[in-house]
Amino acid sequence: MRQEGALWGPQPASESGREEALRLLDESSRLLLGILTAVAMQIRSLELERCRLLGGGAQGIEDLQLGASLLSVWALAGFSRQAGERDDQCDKTLGLTSLTIGLIRLMRLLYPESAAREEAAELTQPDF
C-alpha cells in the first residue's frame, strides 16, 4: 500500500510549512551525525581500552568517552527539543527519558568515584 505525504505526516500545504519541514530535516540530519560520531568515538575508546589491557600504553580513553558522551547529550537534547514542539506525548516522554539517560552517563563519567561509591553501597545493602 502506497502512503501519500511526508515521512512524519502530511505534505505541508504552504511554503512556510515546507521551509519548516526542511529546517527540521536538516537539524535532524545534524543531530544524527552527532550521534554517529559519538558512537564512532565510543568504538575507538573500546579499541584503546583493549590495547591498554593487552599491555599497550593507550592514553586519553576517558577523554574520548567524555567527548562522546557530551556529543550524545547535545544530540539527545536537540531531539528532545524537537519532540517538545510536537503534540505527541509519547515523543516528549521518550525524548526526555533518552536525555535523562544520557545525562546520567555523563555524570558517571565526570564523577567516577561517586558512581563507584553508589555501586558499592547498593551491593552491601541487604535485599528485603
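In short, a report on the structure. (Residues numbered from 1 in each chain as written. Predicted model: local features only at pLDDT ≥ 70, side-chain atom pairs only at ≥ 80, totals over all residues. Heavy atoms only, no water.)

## With respect to the packing of helix H1 (residues 15–53) against helix H2 (residues 61–84)
When two helices pack together, their arrangement is captured by the angle between the axes and the distance separating the axes.
Alright, step 1. For the pair H1 and H2, interaxial distance at closest approach is 8 Å and the crossing angle is 160°. Judged by the angle between their axes, H1 and H2 are roughly antiparallel. The element H1 and its partner H2 pack so that their crossing is left-handed.
Alright, step 2. The class makeup of the residues in the contact of H1 with H2 is 14 nonpolar, ten polar and seven charged. (Axes fitted to C-alpha atoms, helices over the stretch in contact; angles between N-to-C directions. Helix = DSSP H or I, 4+ residues; strand = E, 2+ residues; numbered from the N terminus. Parallel < 35°, antiparallel > 145°, perpendicular 65-115°, else oblique. Left-handed = near helix turned anticlockwise from the far one by under 90°. Nonpolar A, V, L, I, M, F, W, Y, C, P; charged D, E, K, R; others polar.)

## Digging into the pattern of salt bridges
Alright, step 1. Within the structure shown, the criterion is met by ten salt bridges.
Alright, step 2. Salt-bridge contacts for arginine 23 lead to glutamate 27; the nearest nitrogen and oxygen are separated by 3.1 Å. Highlighted residues: arginine 23 and glutamate 27, both in helix H1, separated by four residues, approximately one helical turn.
Alright, step 3. Take glutamate 27: its relative accessible area is 11%, and that puts it in the buried class.
Alright, step 4. Of the charged contacts in the structure, one is a salt bridge between glutamate 49 and arginine 52, with a shortest N-O distance of 2.7 Å. Of this pair, glutamate 49 and arginine 52 both sit in helix H1, three residues apart, which is roughly one turn of that helix. (Salt bridge = Lys/Arg side-chain N within 4 Å of Asp/Glu carboxyl O. Buried < 20%, exposed > 50% of the residue type's maximum accessible area, 1.4 Å probe, protein only.)

## Digging into H2
Alright, step 1. Taking 1.5 Å of rise per residue, the 24 residues of H2 would be expected to cover 34 Å, and the 34 Å separating its terminal C-alpha atoms lies within 8% of that figure.
Alright, step 2. For H2, the complete set of buried residues consists of Ile61, Gln65, Ala68, Ser69, Val73, Ala75, Gly78, Ser80, Gln82 and Ala83.
Alright, step 3. The secondary structure elements touched by the buried residues of H2 are H1 and helix H3 (89–110). (Expected span 1.5 Å × (residues − 1). Contact = heavy atoms within 4.5 Å.)

## Some words on the packing of H2 against H3
Alright, step 1. Following both chains from N to C, one finds H2 and H3 inclined at 160°, their axes separated by 8 Å at the closest point. Classed by the angle they form, the pair H2 and H3 counts as roughly antiparallel. Along this stretch, H2 crosses H3, giving a crossing that reads as left-handed. Along its contact with H2, which presents Gln65, Leu66, Ser69, Leu70, Val73, Leu76, Ala77, Ser80, Ala83 and Gly84, the element H3 presents Asp91, Lys92, Gly95, Leu96, Ser98, Leu99, Gly102, Leu103, Arg105, Leu106, Leu109 and Leu110.
Alright, step 2. In terms of residue class, the contact of H2 with H3 is made up of twelve nonpolar, seven polar and three charged.

## Side note on the side chain of serine 80
Alright, step 1. Within the secondary structure, serine 80 is located in helix H2.
Alright, step 2. Setting aside its immediate chain neighbours within four residues, serine 80 contacts Gly95, Leu96 and Leu99.

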